[in-house]
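Okay, here's what each chain looks like letter by letter:
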Amino acid sequence: MIAVQDIAWVRYQVTDLDAIEAFLVDFGLLRSVRTEQALYMRAHDDAHHVYIAELGASNRPLGFGFRAGSAADLERLAASQGAVVEDNPDAGGGKRVRLTDPAGFVVDVVHGQATLPALPQRAPILMNPATGRARMGQPVRLKPAPSCVARIGHVALLVPDFAKCYAFYTDVLGFKPSDTYYAGAPENTIAAFMRCGRGEVFTDHHTLALVTSQDGVARFDHSSFEVVDLDDLAQGHAHLKAQGHEHSWGVGRHIQGSQLFDYWRDPFGNKVEHWTDGDLVNDSTPVGQAHISGDELAQWAPPLTPEFFK
């Protein structure tokens with residue numbers, strides 16, 4: 001077993017590269033590389049890309065990538081899984097081990113990929129709460145703009161066999177649970193928010209979420225991207241709305257993970273999330289367990305509608 005360090009990208013197949021690029025620019029990503037068959041979009045960090053769209057006959061999620069801690073980790077992973085370490089043919093290069101998880105998603109574990117100069121981001125806006133005021137003599141003046149996507153955060157999967165997928169991600173890639181959901185009896189775990197297993201190093205509350213698919217179909221529930229702060233999230237909301245894009249749910253604050261969130265649909269119906277202010281956890285953080293219900297999704301938010309669960 002190895003412990004992956006973070007998520008690298010999500011990968012979708014789409015029927016129209018122009019349409020997905022236009023949406024992603026409004027969402028706050030920027031073009032890294034485009035070919036006749038693929039589009040690579042970056043965030044404002046130094047990652048070469050965080051989103052891959054491949055031209056195809058249908059619109060569907062294909063898989064995602066994770067970052068290995070070292071070239072030696074790639075070798076160990078390949079040996080344990082009967083796979084090979086190969087040149088990564090995607091833009092940005094590096095080396096990869098390509099696996100397929102029990103739900104059928106392509107999982108690339110990569111190391112040595114090229115980086116790009118990080119792009120400027122504004123500093124988070126200081127707040128003046130009722131106590132502990134910090135913004136003195138500094139007005140807030142923001143202009144309409146897309147969100148500034150800082151980085152990719154996580155992917156949430158709907159999977160037919162939760163137990164097999166959970167075992168794969170814990171036993172092969174070193175993920176650990178941060179919070180779990182059960183249905184009926186507490187031992188009937190049907191969902192888990194999973195962090196990269198990096199010991200005492202603090203990581204995002206979840207880099208991967210696994211949820212039992214109620215219809216037996218494997219698919220992405222959503223992919224998620226971190227923005228600068230709450231103002232940036234709200235700014236992005238206003239911009240996407242002004243451009244006529246389809247809103248799914250938000251703005252709100254989750255329970256498990258605590259993120260402030262806002263969900264949108266791309267032109268092909270895929271759900272994507274802006275988030276900010278999430279929990280950081282490590283091996284010393286207690287693992288939570290809760291009964292699954294609609295009330296467990298948010299501390300505050302607009303009412304949920306059936307659209308969110310499409």
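Residues numbered from 1 in each chain as written. Predicted model: local features only at pLDDT ≥ 70, side-chain atom pairs only at ≥ 80, totals over all residues. Heavy atoms only, no water.

(A) Inspection of the overall build of the protein chain at higher detail. Each helix and strand in the protein chain was counted, giving four helices and 19 strands. Its C-alpha radius of gyration of 19 Å places the protein chain within 12% of the 19 Å reference for a compact globule of 310 residues. Burial analysis of the protein chain (310 residues in total) assigns 50% to the buried set. The contacts of the protein chain with a sequence gap of at least 6 include a subset with a gap of at least 24, amounting to 67%. For the protein chain, the computed accessible surface area is about 13,600 Å², with 55% contributed by carbon and sulfur atoms. In the protein chain, the 26 positive side-chain charges and the 38 negative ones have mean positions that sit 4 Å from each other. (Helix = DSSP H or I, 4+ residues; strand = E, 2+ residues; numbered from the N terminus. Rg over C-alpha atoms; globule rule 2.2 N^0.38 Å. Buried < 20%, exposed > 50% of the residue type's maximum accessible area, 1.4 Å probe, protein only. Contact = heavy atoms within 4.5 Å. Areas by Shrake-Rupley, 256 points an atom, 1.4 Å probe, with all protein chains shown as cover. Lys, Arg positive; Asp, Glu negative; His and termini not counted. Charge placed at Lys NZ, Arg CZ, Asp CG, Glu CD.)

(B) Main features of helix α3 (residues 162–171). Taken residue by residue, α3 has F162, C165, F168, Y169 and T170 as its buried positions. The backbone nitrogen of A163 lies 3.3 Å from a side-chain oxygen of the residue at the head of α3, namely D161. (Polar contact = N/O pair within 3.5 Å; in protein donor to acceptor, adjacent residues only side chain to side chain.)

(C) Representation of the pairing of strand β17 (residues 271–276) within the structure. When you tally the buried positions in β17, you get six out of six residues, the bulk of the element. On β17, burial covers both faces: K271, E273 and W275 on one face and V272, H274 and T276 on the other are all buried. Here four bridges tie strand β14 (residues 219–227) to β17, and the two strands are oriented parallel to one another. Across the sheet, the residue bridging to F225 is H274, located in β17. Linking strand β16 (residues 260–265) to β17, which pair antiparallel, is a turn of five residues; within it G269 sits at a positive phi near 90 degrees. (Pairing = 2+ DSSP bridges.)

(D) Here's a closer look at unusual backbone geometry. Looking along the chain, the bond that leaves G250 and enters V251 is cis, with omega of 0 degrees. In this fold, V251 is placed in strand β15 (residues 246–253). At S258, a position not held by glycine, the phi torsion is positive, near 70 degrees. Tracing the backbone shows S258 in the loop between β15 and β16. Positive phi values are uncommon outside glycine, yet D277 reaches one of about 60 degrees. Within the secondary structure, D277 is located in the loop between β17 and β18 (280–281).

(E) Looking closely at the environment of G153. Secondary-structure assignment places G153 in strand β9 (residues 149–159). Separated by 70 residues in the primary sequence, G153 and S223 have C-alpha atoms spaced 7.9 Å apart. Excluding its chain neighbours within four sequence positions, the residues that come into contact with G153 are I7, D204, H206, T207, S224, F225 and W275.

(F) Expanded view of the sheet that holds strand β2 (residues 30–34). In spatial order, the strands read β2-β3-β4-β1-β5-β8-β7-β6; together these eight strands make up an open sheet with mixed pairing. Each of the sheet's edge strands pairs with one partner strand only, and the pair in question is β2 and β6 (86–87). Here seven bridges tie strand β1 (residues 6–14) to strand β5 (residues 60–67), and the two strands are oriented antiparallel to one another. Each bridged residue has a counterpart across the sheet, and for D6 the counterpart in β5 is R67. Along the sheet, helix α1 (residues 17–27) makes contact with β1, β2, β3 (38–42) and β4 (51–55), crossing β3 at roughly 5 degrees. (Axes fitted to C-alpha atoms, helices over the stretch in contact; angles between N-to-C directions.)

(G) Local environment of the sheet that holds β17. If you walk across this open sheet you meet the nine strands as β15-β16-β17-β14-β9-β13-β11-β10-β19, and the pairing is mixed. Every interior strand has two partners, whereas the edge strands, β15 and β19 (288–291), have only one. The average angle at which neighbouring strand axes cross in this sheet is 20 degrees, direction not considered. With six bridges joining them, β16 and β17 adopt antiparallel strand pairing. Note on β17: the bridge partner recorded for F261 is W275. Where α1 meets the sheet, its contacts fall on β9, β14, β16 and β17, and the angle it forms with β17 comes to roughly 15 degrees. Packed on one face of the sheet, α3 meets β9, β10 (175–182), β11 (189–196) and β13 (208–212) and runs near 15 degrees to β11.

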